[in-house]
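# Results of the structural survey
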Amino acid sequence: MRQTLRDKIIAVCDKKIAQKGENVGLSFYAFFANRNDDPDMLMEAATWWIKTHQLDHFEKAAKIREMVQMGQ
């Protein structure tokens, strides 16, 4: 996964956790605007989320942040 996507995922997870607490859930769509302005990055996130790690549609932001920080 490219570093810009890793940074974006961590920033979004941090923001969501700060707003709603450690138990907040999110999907990979949380990392993108409603208007798809970067389809390649969206597909990269979707592949990492769905195909590589077989995660549920919604996962805890803290879990996703930890996975990305650990380089998974």
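Residues numbered from 1 in each chain as written. Predicted model: local features only at pLDDT ≥ 70, side-chain atom pairs only at ≥ 80, totals over all residues. Heavy atoms only, no water.

Turning our attention to the overall build of the protein. Check the secondary structure of the protein and you find three helices and two strands. Element order for the protein, N to C, with α for helix and β for strand: α-β-α-β-α. A buried classification covers 38% of the 72 residues belonging to the protein. Partitioning the contacts of the protein with sequence separation of at least 6, the portion at a separation of at least 24 is 57%. Here the protein has roughly 4,700 Å² of accessible surface; of this, 49% comes from carbon and sulfur atoms. Taking the 11 positively charged and 10 negatively charged side chains of the protein as two groups, their mean positions are separated by 4 Å. (Helix = DSSP H or I, 4+ residues; strand = E, 2+ residues; numbered from the N terminus. Buried < 20%, exposed > 50% of the residue type's maximum accessible area, 1.4 Å probe, protein only. Contact = heavy atoms within 4.5 Å. Areas by Shrake-Rupley, 256 points an atom, 1.4 Å probe, with all protein chains shown as cover. Lys, Arg positive; Asp, Glu negative; His and termini not counted. Charge placed at Lys NZ, Arg CZ, Asp CG, Glu CD.)

Before going further, it helps to spend a moment on the pattern of salt bridges. A full pass over the atoms with the stated rule returns three salt bridges. Salt-bridge contacts for Lys63 lead to Glu59; the nearest nitrogen and oxygen are separated by 3.1 Å. Residue Lys63 is classed as partly exposed on the basis of its relative accessible area, which comes to 35%. Residue classification places Glu59 among the buried residues on the basis of a relative accessible area of 11%. (Salt bridge = Lys/Arg side-chain N within 4 Å of Asp/Glu carboxyl O.)

Since the α-helix advances by 3.6 residues per turn, residues separated by three or four positions end up pointing in the same direction. By the burial criterion, the buried members of helix H3 (residues 61-69) are Ala61, Ala62, Ile64, Arg65, Met67 and Val68. As for H3, its buried residues are in contact with helix H1 (3-20), strand E1 (25-26), helix H2 (39-52) and strand E2 (59-60).

Next up on the list: the packing of aromatic side chains. This structure, assessed with the given rule, holds four aromatic pairs. For the ring pair Trp48 and Trp49, a centre distance of 6.4 Å and an interplane angle of 65 degrees mean the geometry is edge-to-face. Assessed through its relative accessible area of 8%, Trp48 is described here as buried. Assessed through its relative accessible area of 1%, Trp49 is described here as buried. Taken together through their ring pairs, the aromatic side chains of Phe28, Tyr29, Phe31, Trp48 and Trp49 make up a single cluster. (Phe/Tyr/Trp six-rings, centres within 6.5 Å; stacked < 30°, edge-to-face > 60°.)

From the geometry alone we can't say anything about function, so treat these as descriptive.
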